[in-house]
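# Inside the fold
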Amino acid sequence: MHVLLLNGPNLNLLGQRETGIYGHSSLADIEAALSREAEQESVQLDCFQSNFEGALVDRIHRAMGRCDGILINAGAYTHTSIAIRDALAGVAIPYVELHLSNTHAREKFRHHSFLAERAVGVICGFGPASYSLALKGLLSYLRPNA
């Protein structure tokens, strides 16, 4: 099984930026922990981060026919990007939207997601554990009888 982890803008600054909201773990720390977890589940995990919407869209397109599922923390693009939504719909790969913070307990503009409607599920508010929970949820969806 092959899963793609996508991280959007500013997530490269995790561990340095707004630690009261996003915590002290770096993106590299989160990816390393999730890679270990994926390996235990016999899952190949590819990680990709970009601050550029088009790069995320291109990476979603390249996943078609190669990946069984996608985990996506689109960051601020969650609330603004119809292009990422359309890319996810176009490749028809099951995905889980995830966020470190509880976006519903934050500013009103963060309450709407363009991605949630088509997602298998949405995980938010559990800090770095959101990544692990999202992987578990995606795997339970992809392996319903396991």
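Let us look at the structure shown here.

Conventions we followed
- Residues numbered from 1 in each chain as written.
- Predicted model: local features only at pLDDT ≥ 70, side-chain atom pairs only at ≥ 80, totals over all residues.
- Heavy atoms only, no water.
- Helix = DSSP H or I, 4+ residues; strand = E, 2+ residues; numbered from the N terminus.
- Rg over C-alpha atoms; globule rule 2.2 N^0.38 Å.
- Buried < 20%, exposed > 50% of the residue type's maximum accessible area, 1.4 Å probe, protein only.
- Contact = heavy atoms within 4.5 Å.
- Areas by Shrake-Rupley, 256 points an atom, 1.4 Å probe, with all protein chains shown as cover.
- Lys, Arg positive; Asp, Glu negative; His and termini not counted.
- Charge placed at Lys NZ, Arg CZ, Asp CG, Glu CD.
- Salt bridge = Lys/Arg side-chain N within 4 Å of Asp/Glu carboxyl O.
- Polar contact = N/O pair within 3.5 Å; in protein donor to acceptor, adjacent residues only side chain to side chain.
- Core = buried A, V, L, I, M, F, W, Y, C linked by side-chain atoms within 4.5 Å.
- Pairing = 2+ DSSP bridges.
- Axes fitted to C-alpha atoms, helices over the stretch in contact; angles between N-to-C directions.

## Thoughts on the overall build of the chain
Helices and strands together make up the secondary structure of the chain, namely 5 helices and 5 strands. In sequence order, the secondary structure elements of the chain are arranged as β-α-α-β-α-β-α-β-β-α. Relative to the globule expectation of 15 Å for 146 residues, the C-alpha radius of gyration of the chain, 14 Å, shows essentially globular dimensions. Along the first, second and third principal axes, the C-alpha atoms of the chain reach 35 × 30 × 25 Å. Within the span of the chain, comprising 146 residues, buried residues form 46% of the whole. Sequence separation of 24 or more characterises 78% of the internal contacts of the chain that already satisfy a separation of 6 or more. In the form shown here, the chain has an accessible surface area of approximately 7,200 Å², with 51% of it arising from carbon and sulfur atoms. Side-chain charges of the chain comprise 12 positive and 14 negative groups, with the mean position of each set lying 3 Å from the other.

## A look at the pattern of salt bridges
Within this structure, the stated rule accounts for 5 salt bridges. The closest approach of N and O atoms between Arg85 and Glu117, which form a salt bridge, is 3.3 Å. With Arg85 in helix α4 (residues 82–91) and Glu117 in the loop between β4 (95–99) and β5 (121–124), the pair connects residues that are 32 residues apart, well separated along the chain. Three or more residues joined by partner-sharing salt bridges are found here, namely Arg85, Asp86 and Glu117.

## Some details on the side chain of Asn73
Tracing the chain through its elements places Asn73 in strand β3 (residues 69–73). A relative accessible area of 3% means that Asn73 is categorised as buried. Of note is the side chain of Asn73, whose polar atom sits 3.1 Å from the backbone nitrogen of Gly75. Excluding anything up to four places from it in sequence, Asn73 contacts Leu6, Asn7, Gly8, Leu11, Leu98, His99, Leu100 and Tyr131.

## A short note on the nonpolar core
Leu14, Leu34, Leu71, Leu100 and Tyr131 are the most contacted members of the largest nonpolar core, which totals 20 residues. Per element, the largest residue contribution to this core is 5 residues, and it comes from helix α5 (residues 129–142). Apart from the residues within four sequence positions on either side, Leu71 is in contact with Val3, Leu4, Leu5, Leu6, Leu34, Val96, Leu98, Ala134, Leu135 and Leu138. Core analysis: the second largest hydrophobic core is formed by 19 residues, Val57, Cys67, Val91 and Leu115 among them.

## As for the side chain of Thr78
Following the sequence through the fold, Thr78 ends up in the loop between β3 and α4. Once residues lying within four places of it in the same chain are set aside, the contact partners of Thr78 are Glu97, His99, His112, Ser113, Phe114 and Leu115.

## Some remarks on the sheet that holds strand β1 (residues 2–7)
Pairing is parallel in the open sheet, where 5 strands are placed in the order β2-β1-β3-β4-β5. What marks the edges here is a single partner per strand, and that holds for β2 (44–49) and β5. Neighbour-to-neighbour, the strand axes of this sheet turn through a mean angle of 20 degrees, independent of strand direction. Two strands pair when backbone bridges link them, and β1 and β3 are joined in this way by 5 bridges, in the parallel orientation. Within β3, the position partnered with Asn7 by the bridge is Asn73. Together, β1, β2 and β3 form the strand contacts of helix α2 (residues 27–40), whose direction differs from that of β2 by roughly 165 degrees.

So far we have only geometry, and geometry alone does not tell us how the molecule works.
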